[in-house]
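Below are the chains, spelled out letter by letter.
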Amino acid sequence: MNAHHDIFFGSLIEGHFDQLLERYSDSKKVIFTDETVFELWMEDLLTHHPLLHDAEIIQVPPGEENKVIEICHQVWHALSEYEIARNDLIINFGGGVITDMGGFIASTYKRGIDFINIPTTLLSQVDASVGGKTGVDLGGYKNQIGVFADPVAVFIDTKYHSTLPEDEIKSGFAEMLKHGLIQDAHHWSNLKVKINELDDGVSTALIRDSVYIKKSIVEKDPQEKGLRKLLNLGHTIGHGVEGTRLIAGEPIPHGFGVAWGILVEAAIAHEQDLLSQKAFSEIQALIQENYPTPSLSENDILSIMALIKNDKKNRGHELNFTLLKSIGEAVFDQVVPTKTVEACLRRIMQ
Ligand SMILES: NC(=O)c1ccc[n+]([C@@H]2O[C@H](COP(=O)([O-])OP(=O)(O)OC[C@H]3O[C@@H](n4cnc5c(N)ncnc54)[C@H](O)[C@@H]3O)[C@@H](O)[C@H]2O)c1
């Protein structure tokens, strides 16, 4: 894993996508997508890129509940039936579920074949499709099975935003807020203005800023030995909330879990004397205004705590967090007592 995949911003039609496809002119191509993206965007993709006319298309039902090994199993079978070989190409066309699962499928099939990501949600453009983490969930445990594997290239085209529901834009925006919070106060300030104008769309420039923050961290630490843990801000609590809703059969957009996770973890950072009251209040106001917190039941709290205790980011029995020191600066490997975590979770979300 070298974390050096090419990322192209701008129109897929005018850009490097067709040039890259030329390189695979002797290879079979498979487009992996979900049913929603198929309905909305497959015709557009095939119409504008004649080199894909003979591609096989594999579509799966949409949603986090389908990011599971059973679906991978079916897709691996389909690839075998299509006689896909080591020199062939998979194009992952969809949101983070498709790029996570498609990357995992491609990188394990025949010990790894090339794949390209065309992310179609804001969330997958700013986060999931870049950085080389691929995988699937296991029960309520997010991304429990997976490998690090880089796509050959990622193509980020904002035209796909035109069909995204508002909540999906907000979901992706939460990961952008995370990027600002962990490393770039200026990006956070820009996003604070932009969050009130999401109807006008999110610009390529803002997306690029977010992607470059992630990219710069991943290039220094591709396999999350240290620095990359910064990107986990909001995700310990966030994955707990998301996993709990998944088990209950009521999945939430990933970014909403992240937003609530950022808020609870900011409360923890304040409680641990890392983050000032002023910075905490600024984060709290922005999150609560844009991602209204649900009031969780006692069962939800217990379920979230159980998931957090088995989080793969922990060391042994210690709960391990990435926490904010200020807006634009975070620290990783912060051990927090269980009772502090539970108290903050209850205070913010019950
Ligand atoms: N690998 C990583 O580094 C990383 C980082 C962040 C998140 N993730 C993962 O990404 C996933 C979340 O990604 P997501 O929010 O994109 O989820 P998703 O793939 O489920 O997409 C959300 C919904 O939007 C629909 N959709 C996709 N593109 C659309 C379009 N252009 N117009 C209308 N609808 C569209 C999908 O069908 C789906 O219903 C989670 O599984 C999360 O764990 C991975």
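Remember, predicted model here, so these are calculated numbers, not experimental data.

1. What to know about the site of the ligand
Thinking step 1. Surrounding the ligand, one finds 27 residues, the nearest of these being Asp34, Glu64, Thr121, Lys142 and Thr163.
Thinking step 2. With respect to the ligand, the side chain of Thr120 contributes an N or O atom lying 2.8 Å from a nitrogen atom.
Thinking step 3. Considered on its own, the ligand offers 860 Å² of accessible surface; in the complex 91% of this is hidden by protein.
Thinking step 4. At the level of secondary structure, the elements contributing two or more residues to the shell around the ligand comprise helix H2 (35–48), helix H4 (96–108), helix H5 (122–128), strand E7 (141–148) and helix H6 (166–183).

2. Observations concerning the pairing of strand E8 (residues 153–156)
Thinking step 1. With burial as the criterion, each face of E8 is covered, one bearing Ala153 and Phe155 and the other bearing Val154 and Ile156.
Thinking step 2. Here strand E5 (residues 114–119) runs beside E8; their pairing, made up of 2 bridges, is parallel. Within the sheet, the bridge partner assigned to Ile116 lies in E8 and is Ala153.

3. Details of the pairing of strand E6 (residues 133–138)
Thinking step 1. Pairing of E6 with E7, which is carried by 5 bridges, proceeds in the antiparallel orientation. The residue of E7 that forms the bridge with Gly135 is Gly146.
Thinking step 2. As consecutive antiparallel partners, E6 and E7 are separated by 2 residues, and within that stretch Gly139 has a phi angle of approximately 60°, a positive value.

4. Topic: the nonpolar core
Thinking step 1. Residues Phe173, Met176, Val202, Ile207, Ile283, Tyr291 and Val341 are the most contacted members of the largest nonpolar core, which totals 67 residues.
Thinking step 2. When residues of this core are assigned to their parent elements, the largest contribution, 11 residues, is made by helix H10 (residues 254–271).
Thinking step 3. Each of domain 1 (6–163) and domain 2 (166–349) gives at least three residues to this core.

5. Regarding a positive patch on the surface
Thinking step 1. Where like charges cluster on the molecular surface, the positive patch consists of Lys28, Arg86, Lys110 and Arg111.
Thinking step 2. Within the secondary structure, Lys110 sits in the loop between H4 and E5.

6. Observations concerning the sheet that holds strand E3 (residues 56–60)
Thinking step 1. Read from one edge to the other, the open sheet built from 6 strands follows the order E1-E8-E5-E4-E2-E3, with strand pairing classed as parallel. Edge strands, defined here as strands with exactly one partner in the open sheet, are strand E1 (6–9) and E3. Strand after strand, the sheet turns through a mean of 20° between neighbouring axes, direction not considered.
Thinking step 2. The pairing of strand E2 (residues 29–34) with E3 spans 5 bridges and is classified as parallel. In the strand pairing of E3, Thr33 is matched with Gln59.
Thinking step 3. On the sheet, helix H3 (residues 69–81) packs against E2, E3 and strand E4 (89–94) and is oriented at approximately 165° with respect to E3.

Thresholds, definitions, all that
- Residues numbered from 1 in each chain as written.
- Predicted model: local features only at pLDDT ≥ 70, side-chain atom pairs only at ≥ 80, totals over all residues.
- Heavy atoms only, no water.
- Near = heavy atom within 4 Å.
- Polar contact = N/O pair within 3.5 Å; in protein donor to acceptor, adjacent residues only side chain to side chain.
- Areas by Shrake-Rupley, 256 points an atom, 1.4 Å probe, with all protein chains shown as cover.
- Helix = DSSP H or I, 4+ residues; strand = E, 2+ residues; numbered from the N terminus.
- Buried < 20%, exposed > 50% of the residue type's maximum accessible area, 1.4 Å probe, protein only.
- Pairing = 2+ DSSP bridges.
- Core = buried A, V, L, I, M, F, W, Y, C linked by side-chain atoms within 4.5 Å.
- Domains from an automatic or database assignment.
- Patch = residues over 30% accessible without salt bridge, like charges linked within 9 Å, V, L, I, M, F, W, Y side chains within 5 Å.
- Salt bridge = Lys/Arg side-chain N within 4 Å of Asp/Glu carboxyl O.
- Lys, Arg positive; Asp, Glu negative; His and termini not counted.
- Charge placed at Lys NZ, Arg CZ, Asp CG, Glu CD.
- Axes fitted to C-alpha atoms, helices over the stretch in contact; angles between N-to-C directions.
- Contact = heavy atoms within 4.5 Å.

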